[in-house]
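Results of the structural survey
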Amino acid sequence: MSNLDPAQWREMIAYLQRQHTPICRQWFDRLRPGELNGGLLTIHASNAIEKNYLQKRCLSQFTEAAQVTTGALVGVQFADTSPRPTHTLPSVASSPDPISQPWSPVVPHEPFGTPLRNPSRADDDTNPLDQTVISPDYSFDTFITGPENALAHSAAVAVTNQPGTTYNPLFIHGGVGLGKTHLLQAICQRLLEKYPTMRICYLSCDAFVNQFLDCVQQGQMSQFRHQYRHVDLLVIDDIHFLANRERTQEEFFHTFNELHQVKHQIVLSSDSPPHEIPQLEDRLVSRFQSGMVAPVTKPHFETRVAIVRAKARVRGLELLDDVISYIATRIDSNARELEGAVTTLQGHAAIHQGPIDLALAQQVLGEPDASSTSQATLEHVIDAVTGYYNVRLSDLQSKRRHKSITAPRQVCMWLARRHTRFSLEEIGGYFGGRDHTTVMHAIRIVDQRISDDPELNRNIEYLNAQIAKRPSA
Ligand code: ADP
Ligand code: MG
């Protein structure tokens, strides 16, 4: 069989974009078809992480696309075209400075379960830890920073500049969907880029616990220890799973100490700070606190807007400002849900073969707020605000910029957006012919103040309740 021609390749990608929209990424543009040999099509990815990800997460979709496009029973495999590293890990001998080069050169050793997550060299498919595939989406380039995650982000970057020395361990904590896994994987990716032979072990705490239990049962503790204590970088996601697990904690304590002693980097994430993890031994709490403990918190409006934009970009989607702002207003919990909204919208647009506009977003994502099932009208919102702040509608609609007017006006815009179906333009128009960016600005300000100012928070809650109580029009 001859190789794929360029038109067939384009058709294959177009098929994926139509039929498997959620998996498609902008970096697929960099994939290149290789030879089609003996019914097997090789597709070249530009690095090991992409290759690994495609092989683990996208194989069936690519195979289907190849079969539909060629009309033949072809299989697909992915290859990594990045140059194989020569020995780029600095050797201790050539680097007398143990601080800047804290880890020892690669020592050949018996792989056991092969946790050494350099995927370019992990040529086996039998790795039991491969549930934790590193996603090319989770890089520093695609991570949006804001005041909510600035410390965690800069500490993560610092770790990649000087692993093992600056912050060891780095402990990132926060609620679900706030970017902890993203940062952990970004660290792995950046370090793999810099030091392709670095021995990296990235896994979830769950996997660590399970493996520990298996090894205890099978009498393989020495392999277990060897495996985890001979890595240059140990990254464990969701370490709070150690809660109440005495024996695993004991084992992890020794692993931690051995790595820490030789200045090998440890990075951990958790849903809470070390001292709040239930039943975590004090000595582990103090170890976890001994480096950098960095929180990630819920993103403000501005950060949410940037995250939505970034998630759209990764998918090669152009979203209008109004749609982006709608999503960021509608969903204020975490980045994962923002991403889910982008994917959902993309899916709907693909099915209907139409644009992603505000009408679609409103239809798919529903009302701006669950409490707005009250179908509040703009009048309800204005009544509540003018009554509460003792201002007139004409003031809100005027050009006056005195704080006694601008503050209620901004709150009113914020509430109008939350409780009604009006677009940013419509709301801006209503409030004295202002444009949509003014409304976006108002939403951003109020959003920020809500998280900083408990009193405003209470006022808004009160107003929300007032508006929701109103009989529907
Ligand atoms: P966690 O591990 O904290 O539960 P994740 O790292 O899995 O959260 O993040 C959930 C989703 O949100 C991922 O798709 C991730 O890329 C995205 N995300 C979270 N925070 C950010 C951010 N600051 N910038 C870009 N994407 C983010
Ligand atoms: Mg996570």
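Use the structure listed above.
This write-up is about the structure you can find in this document. In this text, all values refer to a predicted model and were calculated from it rather than measured experimentally. (Residues numbered from 1 in each chain as written. Chains lettered and ligands numbered in written order. Predicted model: local features only at pLDDT ≥ 70, side-chain atom pairs only at ≥ 80, totals over all residues. Heavy atoms only, no water.)

1. A closer look at the overall build of the protein chain
Scanning the protein chain for helices and strands turns up 18 helices and 8 strands. Counting all 473 residues of the protein chain, 52% fall into the buried class. Taking all contacts inside the protein chain whose residues are at least 6 apart in sequence as the whole, residues at least 24 apart take part in 74%. Working note: accessible area of the protein chain is about 21500 Å², and carbon and sulfur atoms make up 50% of it. (Helix = DSSP H or I, 4+ residues; strand = E, 2+ residues; numbered from the N terminus. Buried < 20%, exposed > 50% of the residue type's maximum accessible area, 1.4 Å probe, protein only. Contact = heavy atoms within 4.5 Å. Areas by Shrake-Rupley, 256 points an atom, 1.4 Å probe, with all protein chains shown as cover.)

2. Topic: the pairing of strand β4 (residues 170-174)
Of all the 5 residues making up β4, 5 are buried; the element is thus mostly covered by neighbouring parts of the structure. Burial along β4 is two-sided: the residues L170, I172 and G174 and F171 and H173 are all buried. Relative to strand β7 (residues 265-270), β4 runs parallel, the two sharing 4 bridges. Bridge pairing links F171 to L268 in β7. Inspection of the sheet shows β4 paired to strand β8 (residues 292-296) by 5 bridges, in the parallel sense. For L170, the partnering residue across the bridge sits in β8 and is M292. (Pairing = 2+ DSSP bridges.)

3. Digging into the site of ligand 1
For ligand 1, the set of nearby residues contains 18 residues, the closest of which are G177, K180, H182, K311 and E339. Taking N149, its side chain carries an N or O atom lying 3.3 Å from a nitrogen atom of ligand 1. Between ligand 1 and K311 there is a distance of 2.7 Å, counted from an oxygen atom to a side-chain nitrogen or oxygen. When ligand 1 sits alone it has 550 Å² of accessible area, and the protein chains cover 96% of it. For the shell around ligand 1, the secondary structure elements donating two or more residues are α4 (180-194), α9 (301-314) and α11 (335-352). (Near = heavy atom within 4 Å. Polar contact = N/O pair within 3.5 Å; in protein donor to acceptor, adjacent residues only side chain to side chain.)

4. Topic: unusual backbone geometry
Of note, the bond from N168 into P169 is cis; its omega dihedral lies within 30 degrees of zero at 5 degrees. Relative to the assigned elements, P169 resides in the loop between α3 (150-161) and β4. Phi at D238 is positive, roughly 60 degrees, even though this residue is not glycine. Among the secondary structure elements, D238 is positioned in the loop between β6 (233-237) and α7 (246-261). Taking relative accessible area as the criterion, D238 reaches 23% and is therefore assigned partly exposed. Non-glycine residue Q353 carries a positive phi angle of around 50 degrees. Residue Q353 is classed as exposed on the basis of its relative accessible area, which comes to 70%.

5. A few points about the sheet that holds strand β5 (residues 200-204)
Two pairing modes exist for strands in a sheet, parallel and antiparallel, and in both the strands are linked by backbone hydrogen bonds. Reading across from one edge, β5-β6-β7-β4-β8 is the order of the 5 strands in this open sheet, with parallel pairing throughout. Of all strands in the sheet, those with a lone pairing partner are β5 and β8, marking the two edges. Across the sheet, the axes of successive neighbouring strands diverge by a mean angle of 10 degrees, strand direction being ignored. The strands that α3 touches are β4, β7 and β8; relative to β8, the one it contacts most, it runs at about 135 degrees. (Axes fitted to C-alpha atoms, helices over the stretch in contact; angles between N-to-C directions.)

6. Some words on the packing of helix α6 (residues 221-229) against α7
Axis separation between α6 and α7 bottoms out at 9 Å; the angle between their running directions is 40 degrees. As judged from the angle between their axes, α6 and α7 are oblique. As α6 packs across α7, the resulting crossing turns out to be right-handed. Of the residues in α7, those touching α6 at M221, F224, R225, Y228 and R229 are E251, H254, T255, E258 and L259. The residue inventory of the contact of α6 with α7, partitioned by class, reads 4 nonpolar, 2 polar and 4 charged. (Parallel < 35°, antiparallel > 145°, perpendicular 65-115°, else oblique. Left-handed = near helix turned anticlockwise from the far one by under 90°. Nonpolar A, V, L, I, M, F, W, Y, C, P; charged D, E, K, R; others polar.)

7. What to know about the sheet that holds strand β2 (residues 40-45)
Spatial strand order, β1-β2-β3: 3 strands in an open sheet with mixed pairing. The sheet is open, and its two borders are formed by β1 (32-37) and β3 (75-80), each paired with just one other strand. Each strand of the sheet is rotated relative to its neighbour by a mean of 25 degrees, with strand direction disregarded. Strands in contact with helix α2 (residues 48-70) are β2 and β3; relative to β3, the strand with the most contacts, it is inclined by about 160 degrees.

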